[in-house]
Amino acid sequence: MGDYDILFEPVRIGPRVAPNRFYQVPHCNGLGHLRPRSHAAMRGVKAEGGWGVVCTEEVEIHPSGDIAPCIEGRIWDDHDVAGHRLMTEAVHAHGSLAGIELTHAGLDAPNHYSHLTPIGPRSEGVLGGTGFEPVQSRAMTRRDFADVRRWHRTAALRARDAGFDIVYCYAAHGLTLPMQLLSRRHNDRTDEYGGSLANRVRFLRELIEDTRDAIGDDCAVAVRLAVDELLGPAGITHDGEGAEIVAMLAELPDLWDVNISDWSNDSATSRFAPEGHQEPYIAFVKSLTTKPLVGVGRYTSPDAMVSAVRRGVLDLVGAARPSIADPFLPAKVRAGRVEAIRECIGCNICVATDPKGLPIRCTQNPTMGEEWRRGWHPEWIPERRTGADVLVVGAGPAGLEAARALGQRGHRVQLLDARPEVGGRVSRESLLPGLGAWRRVVDWRVGAIRELPAVEVFPGSAMSAEDVLDAGARHVVVATGATWRRDGRGRSTGAAVTGHGLAHVSTPDDVLDDLESGDWRLPAGRIVIYDDDHYVMGGLLAELLAGRGHQVTLLTPAPLPSYWTQFTLEQERIERRLRALGVQVHTRTTLQYIASDHVVSESLIDGEWTERPCAGVVLVGDRAPSIALHDALVPALADGRLASLRLIGDAEAPGLIAQAVFSGHRAARQFGEEIDPDAVEFLREG
Ligand code: ADP
Ligand code: SF4
């Protein structure tokens, strides 16, 4: 430990004492009220991994603040207490404190489940859901203020009874009534809750006082506040009203939890914000209060954590994503195994499931959300049942994870890859602009495999079926990945693009080859990128090419460029960046055919065809699974030369890196186990 001792100092928070400075701040997870046992197990694992404080996600205090279909916590009535108690018991079992983030979402709540009327500072279109829901709020009356205060107070009492140690009053992310009332954009009231800042702060102050009055002797009262909305003068700023609010309420709560809003700013991806990115906004807070302070910034490095504490920026190091990627981060620091930390890559796949009401998943940690339903632990896997050796072909994320986890179970593993270095698609994609941190998917697994003498790695080993059989392998896992289709077939067109065979037509693999080799072969001038994939690749290539001096036209059938990145909170940033780089974006547009010096596109709106001159074309469509090796081995399985053969990762079905890692992990867990193909392989609740 030594250098990191400071992180293990206890911190008093009102009537409670956090055992260390590792603080898992509230984060969504899609388990919540619908899957309380899954939720409790997930939080319990964080406590087991050493997080001194473990919080819930936002917890709705009343059906009039219902944000379904997102699955958060609920503490609407006594019926909900038992589910929360599961979590507090799981957290307390490891000596950690449990926190609950009480929420009335106000303007953010479309109330699609409860069908109650949304309430807010004024009558306006509800902000939550898609952001475009045909629902308006009712302006709150005096009675409404009294009602919400009473619901919050009752919820705090229930939270105490459920065993929570820290109870939040939540005014961040634009997601809650107290923050909406703070905001001049939403609050133009003329009564005692509107106008001056003191009036706009009134409701938050009342909630803090009510909560303290109800449970303050037993529980710590925390405030979560957005001190900057990154909207300049139109919003709360850290050197304006953000600081004034902290000054007004300075000693009222037992704990300040501060961040920047909205969620896309708070949970910015690594493509757009580095570790510690919130420090410039939150650094002032400690000068205004003697109360302990927690803040976030995707801290994965204990050195950065120590630095933030020593410089007086933070007292408690807050983490959502770093605790998702590695629930055992604190335990590893304590054990002096810093290199074993599975660092968050900042991709926001964990975030992407939330608006869909689905259980959380993580690119780095395939056990996230699976603690209860599959009984998966992030650090521990049951030992092997058989003494079998395994040969894994392909060392991308799927093959690396399969080999690592098989090795952890005690199997002897040979991991082979045709390329001179391991990492597959991740090694290549992490060369794209802003994706450097994605390499951690490879680096962590390579590091873990180094600790496993029974796992041998052989790069530069292109394997045919004969090679595999000659090697004497009886058990083979095929993780040979996928390549981008040359014909541009994607989900919208469903057919090859005419002209795809012309010499000036490339795929993302060609561009990645050039990036790796340094031999840039794309013709100078305008390049048309046709994105029928809709995740990051099309936008990344546009950014890359524009940065290298090409003029770029991006065509996509989707209504927005990089459409799916809405769910990773990146879409607006990507579009802004493309515009700043001068990329011409045409949405709802399909590619009809490619000619030698132009393409012809069709508008999905009016069917109009447009000729677009260009020097080159990059087709970003579907990917083709590389299954030739697997298929060539199938006869050997049939005639008994192989005892088992399993296809995993992108070779089975191209998808997210998260799915490839999961697929490799699942294959390793299931290896040698008796699996009933007709049984659901995980528990269900709800
Ligand atoms: P995944 O995401 O499923 O892990 P990747 O495409 O990232 O897939 O990785 C697949 C890896 O498999 C690549 O590094 C590739 O070089 C390797 N590979 C593909 N075919 C063979 C083969 N026949 N022999 C050895 N390695 C192979
Ligand atoms: Fe980090 Fe990505 Fe895992 Fe989220 S999904 S915790 S951003 S690695």
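Structural data are supplied above this passage.
Structure report, in brief. Remember, predicted model here, so these are calculated numbers, not experimental data.

Re the overall build of the chain
Right, so step 1: Counting its regular elements, the chain contains 21 helices and 28 strands.
Right, so step 2: Relative to the globule expectation of 26 Å for 686 residues, the C-alpha radius of gyration of the chain, 26 Å, shows essentially globular dimensions.
Right, so step 3: Projected onto its principal axes, the C-alpha coordinates of the chain cover approximately 75 × 65 × 50 Å.
Right, so step 4: Relative to its 686 residues, the chain shows a buried fraction of 60%.
Right, so step 5: Partitioning the intrachain contacts of the chain with sequence separation of at least 6 by distance along the chain shows that 71% fall at a separation of at least 24.
Right, so step 6: When the accessible surface of the chain is split by element, carbon and sulfur atoms take 50% of a total near 25400 Å².
Right, so step 7: One way to put it: in the chain the 73 positive side-chain charges average out to a point 2 Å from where the 93 negative ones average out.

Describing the nonpolar core
Right, so step 1: Grouped together as the largest cluster of nonpolar side chains are 76 residues, with contacts concentrated most on Leu7 and Leu225.
Right, so step 2: Looking at this core, the element that brings in the most residues is helix H5 (residues 197-215), giving eight residues.
Right, so step 3: Residues in contact with Leu225, not counting those within four places in the same chain, are Ala171, Ala172, Leu182, Leu204, Gly242, Ile245, Val246, Trp256, Asp257, Val258 and Asn259.
Right, so step 4: Val392, Tyr535, Val536 and Phe671 belong to the second largest nonpolar core, which has 58 residues in total.

Structural notes on unusual backbone geometry
Right, so step 1: Of note, the amide linkage connecting Ala68 to Pro69 takes the cis form, showing an omega dihedral of 15°.
Right, so step 2: Topologically, Pro69 is positioned in the loop between strand E4 (53-60) and strand E5 (73-74).
Right, so step 3: Cis geometry marks the peptide bond from Ser261 to Asp262; its omega dihedral reads -5°.
Right, so step 4: Along the polypeptide, Asp262 turns up in the loop between strand E11 (255-260) and helix H7 (263-266).
Right, so step 5: Of note in this structure, His173 is not a glycine but carries a positive phi near 65°.

Digging into the site of ligand 2
Right, so step 1: In the vicinity of ligand 2, the contacting residues are Arg321, Ile324, Ala325, Cys344, Ile345, Gly346, Cys347, Asn348, Ile349, Cys350, Cys362 and Thr363.
Right, so step 2: Using a 2 Å cut-off from the grid points, one finds that ligand 2 occupies the largest cavity.
Right, so step 3: Counting residues per element, the ones that place at least two in the shell around ligand 2 are helix H10 (321-325) and helix H12 (349-352).
Right, so step 4: No other element matches H10, which puts three residues into the shell around ligand 2.
Right, so step 5: Of the residues belonging to the shell around ligand 2, the class tally is eight nonpolar, three polar and one charged.

Some words on the sheet that holds strand E15 (residues 413-416)
Right, so step 1: Pairing is parallel across the open sheet formed by five strands, whose spatial order is E16-E15-E14-E17-E28. Since the sheet does not close on itself, it has two edges, and those belong to strand E16 (455-458) and strand E28 (644-647), each with one partner. Each strand axis lies, on average, 15° off the axis of its neighbour in the sheet, ignoring direction.
Right, so step 2: Where strand E17 (residues 475-478) and E28 come together, four bridges link them in parallel fashion. Among the inter-strand pairings, His475 is bridged to a residue of E28, identified as Ser644.
Right, so step 3: Sheet strands in contact with helix H13 (residues 397-409) are strand E14 (390-393), E15 and E16, and its direction is about 165° off that of E15.

Let's talk about the pairing of strand E25 (residues 609-613)
Right, so step 1: Here five bridges tie strand E24 (residues 598-603) to E25, and the two strands are oriented antiparallel to one another. The residue bridging Glu602 from the neighbouring strand is Trp609, located in E25.
Right, so step 2: Where E24 hands over to E25, the hairpin turn is made up of five residues, of which Gly607 adopts a positive phi near 75°.

Some details on the pattern of salt bridges
Right, so step 1: Taken as a whole and assessed by the stated rule, the structure comprises 55 salt bridges.
Right, so step 2: Among the ionic pairs, Glu401 bridges to Arg445, the shortest N-O distance being 2.6 Å. Of this pair, Glu401 sits in helix H13 while Arg445 sits in helix H15 (residues 440-450), and the two are 44 residues apart along the sequence. The exposure classification of Glu401 matches that of Arg445, with both residues buried.
Right, so step 3: Of the charged contacts in the structure, one is a salt bridge between Arg641 and Asp639, with a shortest N-O distance of 2.9 Å.
Right, so step 4: Judged by its relative accessible area of 45%, Arg641 falls in the partly exposed class.

Observations concerning the sheet that holds strand E26 (residues 616-620)
Right, so step 1: The parallel open sheet is built from five strands, whose spatial order is E19-E26-E20-E21-E22. Because the sheet does not close on itself, it has two edges, and the strands there are strand E19 (505-506) and strand E22 (584-586).
Right, so step 2: Where strand E20 (residues 526-531) and strand E21 (residues 551-555) come together, five bridges link them in parallel fashion. What sits directly across from Ile529, in E21, is Leu554.
Right, so step 3: Where helix H17 (residues 508-517) meets the sheet, its contacts fall on E19 and E26, and the angle it forms with E26 comes to roughly 110°.

A word on the site of ligand 1
Right, so step 1: Close to ligand 1 lie 21 residues, the nearest being Ala398, Asp417, Arg425, Met463 and Asp650.
Right, so step 2: Within the contact set of ligand 1, an oxygen atom lies 2.6 Å away from a side-chain nitrogen or oxygen of Asp417.
Right, so step 3: Residue Asp650 places a side-chain N or O atom 2.6 Å away from an oxygen atom belonging to ligand 1.
Right, so step 4: Here ligand 1 has 580 Å² of accessible area as a free molecule, and 87% of this is covered by the chains.
Right, so step 5: Under a 2 Å grid-point criterion requiring more than half of the atoms, the pocket assigned to ligand 1 is the second largest pocket.

Each value, and the rule that gives it
Residues numbered from 1 in each chain as written. Chains lettered and ligands numbered in written order. Predicted model: local features only at pLDDT ≥ 70, side-chain atom pairs only at ≥ 80, totals over all residues. Heavy atoms only, no water. Helix = DSSP H or I, 4+ residues; strand = E, 2+ residues; numbered from the N terminus. Rg over C-alpha atoms; globule rule 2.2 N^0.38 Å. Buried < 20%, exposed > 50% of the residue type's maximum accessible area, 1.4 Å probe, protein only. Contact = heavy atoms within 4.5 Å. Areas by Shrake-Rupley, 256 points an atom, 1.4 Å probe, with all protein chains shown as cover. Lys, Arg positive; Asp, Glu negative; His and termini not counted. Charge placed at Lys NZ, Arg CZ, Asp CG, Glu CD. Core = buried A, V, L, I, M, F, W, Y, C linked by side-chain atoms within 4.5 Å. Near = heavy atom within 4 Å. 1 Å grid on protein atoms, 1.4 Å probe; cavity = no way out; pocket = protein on both sides within 12 Å on 5 of 7 lines; lining within 4 Å. Sits in = over half its atoms within 2 Å of the grid points. Nonpolar A, V, L, I, M, F, W, Y, C, P; charged D, E, K, R; others polar. Pairing = 2+ DSSP bridges. Axes fitted to C-alpha atoms, helices over the stretch in contact; angles between N-to-C directions. Salt bridge = Lys/Arg side-chain N within 4 Å of Asp/Glu carboxyl O. Polar contact = N/O pair within 3.5 Å; in protein donor to acceptor, adjacent residues only side chain to side chain.

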